[in-house]
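So you can see what is in the structure, the chains are spelled out below.
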Amino acid sequence: MTQPPPPLPNHPPQSAGFGPPPTLPPPGYGAPQLPPGYGYGHPQSAMAGGRRTQARLTVVVAALLTIALIVVGGVWYANSGRDEGEHATANSVGAGGDTGGQGDEKVPADTGAEVLFQVPMPETRDVGGVVVPGSWLTDKVYVKSGIAEIVGYDADKGTRLWTIPLPGPVCTVSRNTTEDNRTAVVFQPRMPAGNASAGCSQVAAIDLDAGKRLWTRTAQTGDRLIAFSNVTVSGNTVAAGSTGGGAAWDIASARPLWAPKPADTCYDAGYGGGTKLVAVRRCGSSDRLQLHIQTIDPTSGTVISEYGMAQGIEHADVVSTDPLVVAAEAGDTASPTSDLFSVDNRTGRLRSRISLPDDQYAARCDAIGEVENCRRLVVGNDRLYVPTQEHANEIVAFDLATGKQTGKRADAGDGYTISPLRMDGGNVIAYKRPAYGQGGRIVSIDGVTVKETELLENPATRTLLPEYSEILFRDGRLYMSQAHAFRLSGSPEKQYLAIAFGTNG
């Protein structure tokens, strides 16, 4: 099997680090979210400190550039069931408003950061690598998934505080948490042999503060376990979706809330969580498929509102649940983010449709499997913030009510490319990938005036590329991690699963 080439010295990785993310199979053993060997950027060469169907096993062998990855999906099922409640009819206005400048992040006295700690890349004999998606941050703990484990590290020192062992690899995780820092993950019931898959059938609730697995559950269609490709948290509900349908549990008690029913002709492909719970529901045969975007009650599964997407759209990603924004591949394009749909949560009415041509904008969403895995775009202030492509890299804002640009732009600056990470009140937190010999930066951009304030600047050392890495920032601490554990034969440089930076201010 061809080994991934080592990153070129003194240069960022070629192609894979800077172009659009590859289209990859659903999460599972050997199904990476990051191309192995291409997660790092090198500013300098020197390193410093309810719903269901029948199933089938899909084996996908993907050649990604010069990387030979064996990626295998799990066992999948379809159809599902949840009571279809009445649609709301009241008018609503998207959340937010002109609230720029009201963020929690403070500007330190010195924005210069240093390396706090580095987590070594876990060893794997699998030439295709193993997916290790998921990273979270609480007041005291930085949490990162490893190979068949979830580990909590001291947020400042990097010392291991606790470990949650798992019988098999992590497949996918919820990026959302409860107010008391509980979340959910999907993992395989055992370590598969080679690049095979044991099926992503196990759903677990995790207490990130205590470092405990609270419970583990499965769901079935007929006599077969469902292999889930998506999991999220909304309120006190854990919801997991797949082509086998969707199921949900109460996060405190593990009480089942809904599950697929054999007679269902529709199924929940996945869910978006957070403030609200949104289901991407598929109905009809392959030649007459229609997606329904449903805002649902997280406790009962009752449908609050529904938006029916045009036939021909086969996949949708939930960018935001409040206000509701959905990305989809519409028309003759190969981009899962060619169009964004702003939908009223209460009525299900389309507010606006925003075109994001692939050659103009750098937003990326997962093309298969997960429906809550979008990068480089954020929603806040009833606006969509998205970067343009590198030749004119800047963050532009679209009004979600009208679908039109606001005219406000935040320039990346010479030699930098910029990626929005999240909202901080009315401000946009963004990462600026550095040019040669410089450090990456975290900036806060006023959501209305687009005035930029620097919060952190990394030392000019090795970092991870925002297109393919998990990036968390809070209170002057920046955490960058891989979502794929891999081995690089012959690479002179030590590989890291995660790197943390912090200021002294």
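Residues numbered from 1 in each chain as written. Predicted model: local features only at pLDDT ≥ 70, side-chain atom pairs only at ≥ 80, totals over all residues. Heavy atoms only, no water.

**Focus on the sheet that holds strand β6 (residues 135-137)**
Applicable threshold: Strand pairing follows a simple DSSP-based rule, namely that at least 2 bridges must link the two strands. The helix count covers DSSP runs of H or I at least four residues long, the strand count covers runs of E at least two residues long, and both are numbered beginning at the N terminus. Axis lines are fitted to C-alpha atoms, over the contacting stretch for helices. Their N-to-C directions set the angle, which ranges from 0 to 180 degrees.
Taken in spatial order, the 4 strands make up an open sheet running β6-β7-β8-β9, and their pairing is antiparallel. The sheet is open, and its two edges are formed by β6 and β9 (160-165), each paired on a single side. Along the sheet, successive strands turn relative to each other by an average axial angle of 15°, direction set aside. Here 3 bridges tie β6 to strand β7 (residues 141-146), and the two strands are oriented antiparallel to one another. Its bridge partner lying in β7, Trp136 is registered against Val143.

**Focus on the pattern of salt bridges**
Just so we agree on the cut-off: Every case where a carboxyl oxygen of Asp or Glu lies within 4 Å of a side-chain nitrogen of Lys or Arg is listed as a salt bridge. Between buried and exposed lies partly exposed: a residue is buried under 20% and exposed over 50% of the maximum accessible area for its type, with that area taken using a 1.4 Å probe on protein chains only.
Within this structure, the stated rule accounts for 17 salt bridges. Where Arg422 meets Glu105, a salt bridge forms, and the shortest distance between an N and an O atom there is 2.8 Å. One end of the pair, Arg422, is in strand β34 (residues 417-424); the other, Glu105, is in the loop between β3 (67-76) and β4 (113-120), and 317 residues separate them in sequence. A relative accessible area of 26% places Arg422 in the partly exposed class. Between Lys144 and Glu470 there is a salt bridge, and its shortest N-O distance comes to 3.5 Å. Remark: Glu470 occurs in strand β39 (residues 470-474) and Lys144 occurs in strand β7; sequence separation between them is 326 residues. One exposure class covers both Lys144 and Glu470, and it is buried. A single salt-bridge network, built from bridges that share partners, covers Asp139, Arg474 and Asp475.

**Describing the pairing of strand β18 (residues 247-250)**
Residue alternation in β18 divides its side chains into two sets, Ala247 and Trp249 and Ala248 and Asp250, and both sets are buried. Examined bridge by bridge, strand β17 (residues 237-241) and β18 share 4 bridges and lie antiparallel to one another. Paired with Thr237 across the strands is Asp250, a residue of β18. Turn length for the β17-β18 hairpin, with the two strands adjacent in sequence and antiparallel, is 5 residues, and the turn residue Gly245 shows positive phi of about 105°. Linking two consecutive strands that pair antiparallel, namely β18 and strand β19 (residues 256-258), is a turn of 5 residues; a positive phi of about 70° is found at Ala254 within it.

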